[in-house]
Amino acid sequence: MIYILNQEPSVANHFIAELRDINIQKDSLRFRRNMERIGEILAYKISTQLTYAPRQIRTLLALTEEQTLTDFPVLATVLRAGLPFHQGFLNYFDQAGSAFVAAYRLEATTEISVNVDYLVAPSLAGKVLILVDPMLATGKSLVLTYKAMLRFGKPRQVHIASVIASPEGVEHVQNELPDVNLWLGAMDEKLNEHAYIVPGLGDAGDLAFGNKL
């Protein structure tokens, strides 16, 4: 299953446009906030696929019944670019556990390395896992991250959320992880020869937190 947010008009398209705009990108606080906003919107969308049960609630005036979430997901993110996006999900799933992994691309290549020594997570056995990474380029880091996380148990349901994706990355994820649900802010045109998404938005980590050496 794949869902693409910007295929229907909403204020989310405005946030995505600001993320891409090279003039607005200069404001790192605004960039992080827009990442967080897209995370909140996709968290709401994913929430419609989760499990709920009726619960009696006592108000000041009477008893009433509401459908409440029975099992909060585990939120996993790839450092460092994913942190503002992750926060958007955490704003909605405020009782969720969190997992973090360091994943990076070797410069000037399409090779992906996952530093499993910096992988921390609660138990994933039988859980709903939401893996969030703002840029789904080749898809290799997400697949390797998910496979590394299986040391903490096999989740019963997996969702991957990205702000911007490439067709090549989506195809790779779907081939490697056919049971995963994909939630995207936008699907872009292609990857270039350096495996960067076009038109994309640039380096999400640098735009959020400053250039790295």
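The numbers attached to residues start from 1 for each chain and follow its sequence in the written order. Under the rules for a predicted model, residues below a pLDDT of 70 receive no local features and side-chain atom pairs below 80 are neither given nor counted, while totals for whole chains, interfaces and linings still include all residues. Values reported for side chains reflect all heavy atoms of the structure, with hydrogen atoms and water molecules removed beforehand.

An unreviewed UniProt entry lists the protein chain under the name Uracil phosphoribosyltransferase, from Adhaeribacter rhizoryzae. The record held by UniProt for the protein chain lists under Cofactor (unreviewed entry) the comment "Mg(2+)". UniProt, in the comment section headed Catalytic activity (unreviewed entry), describes the protein chain in these words: "UMP + diphosphate = 5-phospho-alpha-D-ribose 1-diphosphate + uracil". UniProt positions are given in the numbering used here, feature names are shortened, and annotations may be inferred rather than shown by experiment.

Undergrad: I'd like a description of the pairing of strand β10 (residues 181-187), backed by residues and values.
TA: Only protein chains enter the area calculation, which uses a 1.4 Å probe; residues under 20% of their type maximum are buried, those over 50% are exposed, and those in between are partly exposed. Helix and strand assignments come from DSSP, with helices taken as H or I runs of at least 4 residues and strands as E runs of at least 2, each series counted from the N terminus. Of all the seven residues making up β10, six are buried; the element is thus mostly covered by neighbouring parts of the structure. Between any two strands, at least two bridges found by DSSP are needed for them to pair. When strand β1 (residues 2-4) meets β10, the two strands line up parallel, connected through three bridges. Within β10, the residue paired with Ile-2 across the bridge is Leu-182. Where strand β9 (residues 157-165) lies against β10, six bridges are found, and the strand directions are parallel. Note that in β10 the partner of Ser-162 across the bridge is Leu-184. Orienting the strands away from the viewer, one traces the path from the first strand over the helix to the second; a clockwise path indicates a right-handed crossover. Since β9 and β10 lie parallel, the crossover through helix α5 (residues 167-176) that links them has a hand, and here it is right-handed.

Undergrad: Just give me the short version of the layout of surface pockets, but keep the residues and values in it.
TA: The distinction between a cavity and a pocket rests on a 1 Å grid over the protein atoms alone: a 1.4 Å probe fits inside a cavity but cannot get out, while a pocket stays open yet meets protein on both sides within 12 Å along at least five of seven lines, and a residue with an atom within 4 Å of a point counts as lining. Grid points are joined across faces, edges and corners, and a volume is the space filled by probe spheres set on the points. Its boundaries defined by the atoms lining it, the second largest pocket holds a volume of some 160 Å³. Lining the second largest pocket are Tyr-146, Leu-150, Lys-154, Pro-155, Arg-156, Gln-157, Val-158, Glu-176, Leu-177, Pro-178, Asp-179 and Val-180.

Undergrad: Break down the packing of aromatic side chains for me, citing the residues and quoting the values.
TA: Centre distance within 6.5 Å is the pairing criterion for rings of Phe, Tyr and Trp, where only the six-membered ring of Trp is used; planes under 30 degrees apart are then read as stacked, over 60 as edge-to-face, and the remainder as tilted. One pass over the full model with this rule turns up two aromatic pairs. Measuring from ring centre to ring centre gives 5.5 Å for Tyr-3 and Trp-183, while their planes differ by 45°; the resulting arrangement is tilted. In this pair, Tyr-3 sits in strand β1 while Trp-183 sits in strand β10, placing the two residues 180 residues apart along the sequence. Ring geometry for Phe-85 and Phe-89: centres 5.3 Å apart, planes at 85°, overall edge-to-face. Taken together, the residues Phe-85 and Phe-89, both in helix α3 (residues 83-92) and four residues apart, mark about one turn of the helix. Taken as a pair, Phe-85 and Phe-89 share a single burial class, namely buried.

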